[in-house]
Amino acid sequence: MAREITIVGVVGLGTMGAGIAEVLARSGVRVIAVDVDAAGVERGRGHIEHSTSRAVAKGKLDGGARDALLGLISYGTALTDLADVDLVIEAIPESLDLKARLFAEVDRIVRPEVVLASNTSSLSVTQISVHTGRPGKVVGLHFFNPAPVLRLTEVVRTVVTEPDVVADVVEFARRLGKEPVVIGDRAGFIANALLFGYLNHAVAMYESRYATREDLDAAMRFGCGYPMGPLALLDLIGLDTAYEILETMYGQSRNRLHAPTPILKQMITAGLLGRKSGRGFYTYDGPDSPTVVADAQTPRTSSEDTKGVREVRRVGVVGTGTMATGIVEVFASKGFDVILRARSAEKAAAAIGKVGKSLDRQVAKGRLSEEDRNATLGRITPAVEFAELADCDLVIEAVAEELSVKQAVFGALDEVAKPGAVLATTTSSLPVIECAAATSRPQDVIGLHFFNPAPVMKLVEVVSTISTGADVVATAGAVCARVGKHPVHCGDRAGFIVNALLFPYLNDAVRMLEAHYADADDIDTAMKVGCGLPMGPFELLDVVGLDVSLAIERTLFNEFHESGYAPAPLLEHLVTAGRLGRKTGKGFRDYSR
Ligand code: NAD
């Protein structure tokens, strides 16, 4: 018979414990909330009161329900207060030593059949459990931050956890409105094991000044639809907690990519713990506040930034593929004169036809008038000779992703483009400097990495080489803004920001699947429900195409020679077998049925 759980003890009322207590009380469960001292209790109580009054203000909770909820929580500083609870959830700091001692003590206080759950993010639940006299009744119950909002809970069973304990905890998690996923005891479980490599990588990019914090965060929000950028998320998680999670993961995996980036330790030592201390990667208007305020790193828009911006009126686009036609549409619909250069008149006409079709769809949906459609098409001129691009202020190349092809285009552009024209490549994986080197004017060459579909996706990565002129960078940024895009600036390295952060994570997910730690459905659920990502890794891989994904992973591996980036054999095999994802009807999942 399932355990009856009516009173739950929550130990540690910080970022997570306070949220967990709120979740429990919202479901009508009585809570005994314990922190180490009166200050900890008051902080926790304040957090819960604040969070529930916000919910009332937003109309998500009525005042009476809030009072009832708060009435279900009693507070204390003595573990002996837990004598009568039916379940204990521990949420004290991420330290094995602390947790082991706490579990040993709690074990002596609560009834023998009571389940002890740890909210640890990465520590071994097995190691915690052996400090009690009931290792079979110890599980991980890993909530996500903010606990009242995110529905995922990872239920971690060790090799000795009793099956009925797992079943009861799963049922209890469902009672709380959560979506439980049961997994084994491995550092980082599903979600953090996949998330923290990515977060750490973003910190390394920040530390090496590869891109600004704002641009790193904007890249993942606008390029991947993530609810938060990686550095803002680290501030929410708490840098000290994140550091401990990475340390534990590194200790188990010995994967260099999990070794905490040094700046994290420096920030923690300096007291910059994230939102909870009022400052982390960003500065907030007070401890525990979500409101970012300007600081010394906040970019200022000054006349300096617009100095030397070149005038851009006429834009050339070379190519007729998906990206080329999308980019033509972007510029023509924003009032630029566009010259579309193709290898033949037929190809040029067909490409303009594609733009016309895309515009027609918008007319049909009522998003565009017939008149604007005609005006947009009227601004596009087909061309076959490179010489017809001579008057363009900006030429964007979007031909096949092959270096020799792109270099030939840049060689040709170099001969015809007027002095001062900006020459851009949309490459997603080749070095921009290789394109620049094919011209006699490397200072004018830049990467403009649009995302597919270009008319929809707001992000453009503006890639500077070591030769790109500052005025060219400023011009590219200004042009992006004029066509309604969000430019982010980065250097000329494989994968730029988005692909370099995204694909190693996707590859890690494939490795996790290959290792039989969890199945594709659980992994997708963990990332969507636990981290709020728009798609799980396997859904995304199938949409992007496994061949395209493999090519990007190979590019990253060949540039960085990071063993963690080596494409997972399973991905290679699926590609070899012709299972390329949605486009072939089968990838990680079967779409043919
Ligand atoms: P935190 O630093 O915000 O809070 C820890 C709380 O525990 C503090 O209130 C502290 O006073 C209290 N505490 C310390 N020692 C104690 C003891 N011996 N007895 C009782 N209370 C004690 O930490 P947090 O971010 O809430 O993390 C708590 C746990 O949850 C960690 O294991 C962490 O890995 C995990 N976790 C964190 C997140 C996150 O995003 N922060 C998400 C999921 C899980």
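Every chain begins its residue count from 1, and numbering advances along the sequence as written. Where totals are concerned, whole chains, interfaces and linings use all residues; where local detail is concerned, this predicted model gives features only for residues with pLDDT of at least 70, and gives and counts side-chain atom pairs only at 80 or more. Note: side-chain values were computed over all heavy atoms of the structure, leaving out hydrogens and water.

Under an unreviewed UniProt entry, the name given to the protein is 3-hydroxybutyryl-CoA dehydrogenase, and the organism recorded is Actinokineospora terrae. UniProt positions are given in the numbering used here, feature names are shortened, and annotations may be inferred rather than shown by experiment. According to the UniProt record, the Sequence similarities (unreviewed entry) comment for the protein is "Belongs to the 3-hydroxyacyl-CoA dehydrogenase family." Under the UniProt heading Pathway (unreviewed entry), the note attached to the protein is "Lipid metabolism; butanoate metabolism."

Caption draft 1: Geometry of the overall build of the protein. Strands here mean DSSP runs of E at least two residues long; helices mean DSSP runs of H or I at least four residues long; both are numbered from the N terminus. Secondary structure assignment for the protein yields 23 helices and 18 strands. Here the C-alpha radius of gyration of the protein, 27 Å, is about what a compact globule of 593 residues would show, namely 25 Å. On the principal axes, the C-alpha backbone points of the protein span a range of 85 × 55 × 45 Å. When burial is assessed residue by residue, the protein has 55% of its 593 residues classed as buried. Across the protein, every contact between residues at least 6 apart in sequence was considered, and the portion connecting residues at least 24 apart equals 69%. Radius of gyration here is computed from C-alpha atoms only, and the compact-globule reference equals 2.2 Å multiplied by the residue count raised to the power 0.38. Exposure is judged per residue with a 1.4 Å probe applied to protein chains only, and the accessible area is read against the type maximum: over 50% gives exposed, under 20% gives buried, and values in between give partly exposed. Note on contacts: a residue pair qualifies if any of its non-hydrogen atoms lie within 4.5 Å across the two residues.

Caption draft 2: Representation of the sheet that holds strand β13 (residues 380–383). The mixed open sheet is built from eight strands, whose spatial order is β13-β12-β11-β14-β15-β16-β17-β18. Edge positions in the open sheet fall to β13 and β18 (486–491), since each of these has one partner strand only. Ignoring which end each strand starts from, the neighbouring axes of this sheet average 25 degrees apart. Against the sheet, helix α18 (residues 470–482) touches β14 (394–397), β15 (422–425), β16 (445–450), β17 (459–464) and β18, its axis set at about 25 degrees to β16. A pair of strands is treated as paired once DSSP finds two or more bridges between them. Each axis is a line fitted through C-alpha atoms, and for a helix only the stretch in contact is used; angles between axes span 0 to 180 degrees, taken between their N-to-C directions.

Caption draft 3: A look at helix α20 (residues 520–531). What a helix should span is 1.5 Å times the count of its residues minus one. In a regular helix each residue adds 1.5 Å, so 12 residues correspond to 16 Å; α20 covers 16 Å between its end C-alpha atoms and thus fits that length. With respect to burial, α20 is a largely interior element, nine of its 12 residues being buried. When we look at burial in α20, the residues that qualify are Ala-520, Ile-523, Asp-524, Thr-525, Ala-526, Met-527, Val-529, Gly-530 and Cys-531. Those residues of α20 hidden inside the fold are in contact with β7 (152–156), β8 (179–183), α7 (191–207), α19 (498–514) and α21 (537–544). Positive backbone phi, approximately 70 degrees, marks Gly-532, located one or two places after α20.

Caption draft 4: Just the side chain of Asp-235, in detail. Checked against the element boundaries, Asp-235 lands in helix α9 (residues 230–237). Within the buried set, Asp-235 has no salt-bridge partner at all; the shortest N-O distance to an opposite charge, 6.7 Å, is to Arg-275. Residue contacts for Asp-235: discarding those within four places in its chain leaves Leu-273, Gly-274, Arg-275, Gly-280, Phe-281, Tyr-282 and Tyr-284. Working convention for charge: Lys and Arg count positive, Asp and Glu count negative, and His plus the chain ends are omitted. A carboxyl oxygen of Asp or Glu within 4 Å of a side-chain nitrogen of Lys or Arg is what we treat as a salt bridge.

Caption draft 5: Region of the structure containing the nonpolar core. Counting residues in each nonpolar core, the largest one holds 127 residues, and the members touching the most others are Ile-190, Phe-281 and Ile-497. With residues up to four places along the chain from it excluded, the contact list for Ile-190 reads Glu-154, Val-181, Ile-183, Met-512, Tyr-517, Ala-518, Asp-522, Ile-523 and Ala-526. Among the buried residues, those of types Ala, Val, Leu, Ile, Met, Phe, Trp, Tyr and Cys that are joined through side-chain atoms within 4.5 Å form a nonpolar core. With 37 residues, the next largest nonpolar core counts Ile-327, Val-328, Ala-332 and Val-483 among its residues.

Caption draft 6: Representation of the UniProt feature "domain: 3-hydroxyacyl-CoA dehydrogenase NAD binding" (unreviewed entry) in the protein in the model. UniProt annotation of "domain: 3-hydroxyacyl-CoA dehydrogenase NAD binding" (unreviewed entry) refers to residues 8–185 and 315–492 when read in the numbering used here. Taken as a whole, residues 8–185 contains 41% helix and 21% strand, while its terminal C-alpha atoms sit 23 Å from one another.

Caption draft 7: Local environment of the side chain of Thr-439. Mapped onto the elements, Thr-439 comes out in the loop between α17 (432–437) and β16. Within polar-contact distance, the side chain of Thr-439 engages the backbone oxygen of Ala-436 at 2.7 Å. Apart from the residues within four sequence positions on either side, Thr-439 is in contact with Phe-410, Asp-414, Leu-423 and Val-445. For this analysis, a polar contact is any N or O atom pair within 3.5 Å, provided that within protein one partner can donate a hydrogen and the other can accept it, and provided that sequence-adjacent residues contribute only side-chain to side-chain pairs.

Caption draft 8: The arrangement of the pairing of strand β11 (residues 314–318) in detail. The element β11 is largely enclosed, with a buried count of four among its five residues. In this structure, β11 lies alongside strand β12 (residues 337–341), joined through five bridges in parallel fashion. The partner of Gly-316 across the bridge, within β12, is Ile-339. Seen with the strands pointing away from the viewer, any crossover whose path from the first strand over the helix to the second strand runs clockwise is right-handed. Each parallel crossover has a hand, and for β11 linked through helix α13 (residues 322–333) to β12 it is right-handed. Direction of pairing for β11 relative to β14: parallel, over a ladder of four bridges.

Caption draft 9: Inspection of the UniProt feature "domain: 3-hydroxyacyl-CoA dehydrogenase C-terminal" (unreviewed entry) in the protein at higher detail. As annotated in UniProt, the feature "domain: 3-hydroxyacyl-CoA dehydrogenase C-terminal" (unreviewed entry) corresponds to residues 188–284 and 495–591 in the numbering used here. As annotated, residues 188–284 has a helix share of 62% and a strand share of 2%, and its two end C-alpha atoms lie 28 Å apart.

Caption draft 10: Here's a closer look at the pattern of salt bridges. Enumeration according to the criterion identifies 29 salt bridges in this entry. Measuring nitrogen to oxygen at the nearest pair gives 2.7 Å for the salt bridge that ties Arg-3 to Asp-168. One end of the pair, Arg-3, is in the segment before β1 (7–11); the other, Asp-168, is in helix α6 (residues 163–175), with 165 residues separating them in the sequence. With a relative accessible area of 21%, Arg-3 lands in the partly exposed category. Assessed through its relative accessible area of 9%, Asp-168 is described here as buried. One salt bridge connects Arg-310 with Asp-444, and the closest N-O pair in it is separated by 3.0 Å. Taken together, the positions of Arg-310 in the loop between α12 (303–306) and β11 and Asp-444 in the loop between α17 and β16 put the pair 134 residues apart, joining distant regions of the chain. Under the relative-accessibility criterion, Asp-444 is labelled buried at 4%. Bridged by salt links that share partners, the residues Arg-3, Asp-164 and Asp-168 form one connected network.

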